[in-house]
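# Observations on the three-dimensional arrangement
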Amino acid sequence: MNIRVKESGLPIINLNEIDSIATDILNNYNKQLTIKGKEVPIEHIIETYYKLELDFKDLTPDLSILGMTIFDDGYVEVYDKYQEKNKKIEVIQSTIIIDNSLINDKKLYHRYRFTLSHELGHWILHKDMFIKYKWFPNTAQDNVQYKYIKCLKTFIEDMDITRYDNDTYTENFSELDWVEWQANNMAAAFLMPRGVFLREFFKLLKQS
């Protein structure tokens, strides 16, 4: 991607650019996805198009973390529900980890798909931040700079995206806020391609 970045490696992109990136990826994968309103096979895109490892763990006891993206080999903490305590596990680069709760409850299917897309958004937009620019999110633990990001439920589901000026990237918000804002909007752009949405919207307008 030929886009401007801050000193930290944070991409400086607006919503239209995020939509364009997602549309280009979907077109390269299967152009029909941006023409017809089909369900985007986000798991298949992750595992076959990007060749990322998809794994499932209990991440926290209170479901406060829904997903992780791993940018380098190392260790992360997950939750051992049998011993009721955290434990460290070894992880490898190019892995997306999703909390087990999202696959154990059919009612959470849409949350599961959005979280998958959110984590893929991190891989696409923020891999250079972690690897090339060595950016370190303040959600990492033990002061060990493993290259991964843990995505809190509050970031994925409760972030007020209307508070962000997506053109200026001022210092009013932390870089972690921007990183999560970008991943959220990339997820939305993947699951509901702008072109398909607009076509269906105007079709409904004509029928009304």
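Below is a short write-up of the structure. No experiment lies behind these values; they were computed from the predicted model shown.

### A closer look at the packing of helix α4 (residues 109–131) against helix α6 (residues 175–191)
- Interaxial distance between α4 and α6 falls to 7 Å at its minimum, and their mutual angle equals 125°. The angle between α4 and α6 places the two elements in the oblique class. As for the relative orientation of α4 and α6, their crossing is right-handed in sense. Residues Arg-113, Phe-114, Ser-117, His-118, Leu-120, Gly-121, His-122, Ile-124, Leu-125, His-126 and Met-129 of α4 form the contact with α6, whose participating residues are Val-179, Glu-180, Gln-182, Ala-183, Asn-184, Met-186, Ala-187, Ala-188, Phe-190 and Leu-191.

### Re the pairing of strand β2 (residues 65–70)
- Most of β2 sits out of view: six of its six residues are buried.
- By the bridge criterion, five bridges tie β2 to strand β6 (residues 148–152) in an arrangement that is antiparallel. Within β6, the position partnered with Met-68 by the bridge is Lys-150.
- Bridge count between β2 and strand β5 (residues 95–99): four bridges; the pairing is antiparallel. The partner of Met-68 across the bridge, within β5, is Ile-97.

### Considering the packing of aromatic side chains
- Tallied over the full model, the rule gives seven aromatic pairs.
- Centre to centre, the rings of Phe-71 and Trp-123 are 5.6 Å apart; their planes meet at 5°, and the pair counts as stacked. With Phe-71 in the loop between β2 and β3 (74–80) and Trp-123 in helix α4, the pair connects residues that are 52 residues apart, well separated along the chain. With respect to class, Phe-71 is no different from Trp-123; both count as buried.
- For the ring pair Trp-178 and Trp-181, a centre distance of 5.6 Å and an interplane angle of 85° mean the geometry is edge-to-face. Within this pair, Trp-178 and its partner Trp-181 are both found in helix α6, separated by three residues, close to a single helical turn.

### Focus on the nonpolar core
- Among the nonpolar cores identified, the biggest contains 41 residues, and Leu-120, Ile-124, Met-186 and Phe-190 are the most heavily contacted of them.
- For this core, the secondary-structure elements that each account for two or more residues are α1 (15–30), α2 (42–49), β5, α4, β6, α5 (153–157) and α6.
- For this core, the element with the highest residue contribution is α4, accounting for eight residues.
- Formed by ten residues, the second largest nonpolar core is a distinct cluster that contains Leu-59, Val-76, Val-91 and Tyr-148.

### Remarks on the pattern of salt bridges
- Tallied over the full model, the rule gives five salt bridges.
- A salt bridge links Asp-55 to Lys-57; the shortest N-O distance between them is 3.9 Å.
- Residue classification places Asp-55 among the partly exposed residues on the basis of a relative accessible area of 26%.
- Classification of Lys-57 as partly exposed rests on a relative accessible area of 27%.

### Some remarks on α1
- Here α1 is 16 residues long and its end C-alpha atoms lie 22 Å apart, about the 22 Å a rise of 1.5 Å per residue gives.
- The set of residues buried in α1 consists of Ile-18, Asp-19, Ile-21, Ala-22, Ile-25 and Leu-26. Along the long axis of α1, the arc covered by the buried residues comes to 160°, so they all point the same way.

### Structural notes on unusual backbone geometry
- One non-glycine residue, Lys-51, adopts positive backbone phi at about 55°.
- Topologically, Lys-51 is positioned in the loop between α2 and β1 (53–57).
- The phi torsion at Glu-84 lies on the positive side, around 55°, for a residue other than glycine.
- Assignment of secondary structure puts Glu-84 in the loop between β3 and β4 (85–91).
- Note on Glu-84: relative accessible area 62%, which makes it exposed.

### Points about the environment of Val-5
- Mapped onto the fold, Val-5 is located in the segment before α1.
- Owing to a relative accessible area of 35%, Val-5 belongs among the partly exposed residues under this scheme.
- Placed 124 residues apart in sequence, Val-5 and Met-129 show a C-alpha to C-alpha distance of 9.3 Å.
- Other than its neighbours up to four places away in sequence, Val-5 contacts Leu-10, Pro-11, Ile-12 and Tyr-133.

Rules behind the numbers
- Residues numbered from 1 in each chain as written.
- Predicted model: local features only at pLDDT ≥ 70, side-chain atom pairs only at ≥ 80, totals over all residues.
- Heavy atoms only, no water.
- Axes fitted to C-alpha atoms, helices over the stretch in contact; angles between N-to-C directions.
- Helix = DSSP H or I, 4+ residues; strand = E, 2+ residues; numbered from the N terminus.
- Parallel < 35°, antiparallel > 145°, perpendicular 65-115°, else oblique.
- Left-handed = near helix turned anticlockwise from the far one by under 90°.
- Contact = heavy atoms within 4.5 Å.
- Buried < 20%, exposed > 50% of the residue type's maximum accessible area, 1.4 Å probe, protein only.
- Pairing = 2+ DSSP bridges.
- Phe/Tyr/Trp six-rings, centres within 6.5 Å; stacked < 30°, edge-to-face > 60°.
- Core = buried A, V, L, I, M, F, W, Y, C linked by side-chain atoms within 4.5 Å.
- Salt bridge = Lys/Arg side-chain N within 4 Å of Asp/Glu carboxyl O.
- Expected span 1.5 Å × (residues − 1).
- Arc of directions from axis to C-beta.

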